[in-house]
Amino acid sequence: ISSSSNSKSSKNRRRHGGSLTILLLLFIVVVAIITFLHSLRSITFHADSITALDDHHVPAVAASLRDFKASSSSSIRGSAKLGHVSDNNDNHDDEHEERTIPSGHDSMSACLLVMDDNHRLVEWLAYHYHVLPLRYLIIAVDPRSKTSPTSILNKYRRKENNHMIIEEWNDFHFMRKDIAGNQVSDEDQFEIKRDRHRMRQKMFYQKCLIRMREMNRTYTMLIDTDEFLTYNHASGEKYADWEREQQKLHAESDFSEKERIPLSQAPPSLKEEGQLIHFIRRERDAGHPFFSKPCISIPRLQFGALESTEEDRQRMVPDGFDAERYDTLRFRQHAYRNDFVKNGLAKVIIDVSQIGDQTPFVPTVHRPMKKICKAPWNDEWDSGLRINHYLGSWEAYSYR
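It should be emphasised that the depicted structure is a prediction, and the values quoted were computed from it without experimental measurement.

**Q** Would you mind showing me how to read the sheet that holds strand β3 (residues 165-169) here?
**A** Paired through backbone hydrogen bonds, the strands of a sheet run either parallel or antiparallel to each other. Across the sheet, which stays open at both edges, the 6 strands sit in the order β3-β2-β1-β4-β8-β6 with mixed pairing between neighbours. Strands at the two margins of the open sheet, each flanked by one partner only, are β3 and β6 (295-298). Sheet twist, expressed as the average angle between the axes of neighbouring strands with direction ignored, equals 20°. Packed on one face of the sheet, helix α5 (residues 150-157) meets β2 (134-141) and β3 and runs near 155° to β3. The strands touched by helix α9 (residues 276-285) within the sheet are β1 (108-114), β4 (219-222), β6 and β8 (347-351), with β4 carrying the most contacts at an inclination of about 115°.

Here it is as structure tokens:
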């Protein structure tokens with residue numbers, strides 16, 4: 001009787017556990033859908049907001065995509081399917097190994113984690129290559145990824161001039177062998193996959209920052225493929241009038257007790273190739289407090305999934321470019337600035353040449369080095385840069 005009772009009890013526990021697992025999966029799906037639908041609400045433009053990357057980003061992206069047009073024709077599931085993820089770099093063009101490494105003073109770097117992100121990587125690389133300029137990239141591919149970015153990356157390795165140094169890493173590059181070899185599967189519980197992702201993220205950023213320091217790099221971005229680093233001001237001749245309007249709006253805002261510090265000069269336009277790093281150095285040397293620390297905490301601006309009109313999407317887009325293929329053109333409505341709930345926590349760029357012999361601990365990507373990085377809830381009013389964060393379409397959002 002006791003044995004039979006124990007057997008029934010065991011079956012009931014398994015049945016109950018299975019039911020809980022199903023309920024948990026349903027809950028996760030519902031939360032994902034609600035999160036996405038929430039972004040479809042009327043996320044309107046604030047009176048002082050800058051649309052998307054501002055109109056100047058259109059020719060910037062177009063210029064850097066001009067020789068990349070073949071790859072930009074990929075759909076979410078089209079040319080993104082480039083084959084398996086290799087365990088080494090034997091698929092890439094090794095010519096870049098013999099070339100001169102671009103100067104860390106005149107170019108920027110990035111540490112990037114990807115998982116089936118090819119549909120976003122084309123636009124992300126083109127933009128940052130042109131605007132920053134991005135010339136050193138370490139990219140780690142998730143072992144569960146079904147696609148490889150190598151084919152896309154090779155286009156930047158093979159540029160005759162101004163090539164990019166790109167290192168493709170797998171888990172064995174930055175994790176202990178016993179951990180890297182014990183892979184998480186798609187069938188594992190949500191908590192297991194979540195904890196593994198967070199662990200990978202911390203260990204990758206730590207090793208990547210150390211590697212960038214060894215390679216004499218300077219400013220290094222820690223952002224994702226759906227995020228774009230840009231100026232937080234109007235540029236060129238528009239800056240003076242825009243800044244006067246911002247001062248007025250600031251005086252009427254909830255942040256009026258804080259001083260709004262203007263830039264030393266008008267920021268360059270995004271049409272001007274490779275000027276963002278020089279802008280950072282100029283404002284840092286001028287004593288602007290936002291740029292004064294080796295770790296610059298940058299607020300994000302959340303763009304929703306409500307598509308812009310066809311007229312808005314095609315504004316300033318050159319012939320031959322379909323704006324619908326690019327998130328930065330397709331989605332131009334965003335949350336209110338300084339809405340910490342919708343925009344989320346800040347991300348950072350770190351000047352690795354200024355961190356000395358410190359070993360980055362990376363408790364969180366939003367504040368990877370506590371000693372030099374400020375808390376990740378920034379007042380957007382005094383920020384010289386911002387990161388535009390694109391939710392994208394439901395197809396892209398749910399792809400992984």
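Here the narrative resumes.
**Q** Where do I start with the side chain of His128 in this structure?
**A** Relative to the helices and strands, His128 is located in helix α4 (residues 118-131). In this structure His128 comes out as buried when scored by relative accessible area, which is 0%. For His128, the side chain forms a polar contact with the main-chain oxygen of Trp124, separated by 2.9 Å.

**Q** I'm lost on the nonpolar core in this one. Help?
**A** In a soluble, globular protein the nonpolar side chains are often hidden away together inside. By size, the foremost hydrophobic cluster in this structure holds 48 residues, and its most contacted members are Trp124 and Leu385. No other element matches the 8 residues that α4 contributes to this core. In contact with Trp124, other than residues within four places in its own chain, are Ala110, Leu112, Leu134, Leu137, Met221, Ile223, Asp224, Thr225, Glu227 and Phe228. Core analysis: the next-biggest nonpolar cluster, separate from the first, contains 27 residues, Tyr136, Ile179, Leu209 and Cys373 among them.

Calculation criteria
Residues numbered from 1 in each chain as written. Predicted model: local features only at pLDDT ≥ 70, side-chain atom pairs only at ≥ 80, totals over all residues. Heavy atoms only, no water. Pairing = 2+ DSSP bridges. Helix = DSSP H or I, 4+ residues; strand = E, 2+ residues; numbered from the N terminus. Axes fitted to C-alpha atoms, helices over the stretch in contact; angles between N-to-C directions. Contact = heavy atoms within 4.5 Å. Buried < 20%, exposed > 50% of the residue type's maximum accessible area, 1.4 Å probe, protein only. Polar contact = N/O pair within 3.5 Å; in protein donor to acceptor, adjacent residues only side chain to side chain. Core = buried A, V, L, I, M, F, W, Y, C linked by side-chain atoms within 4.5 Å.

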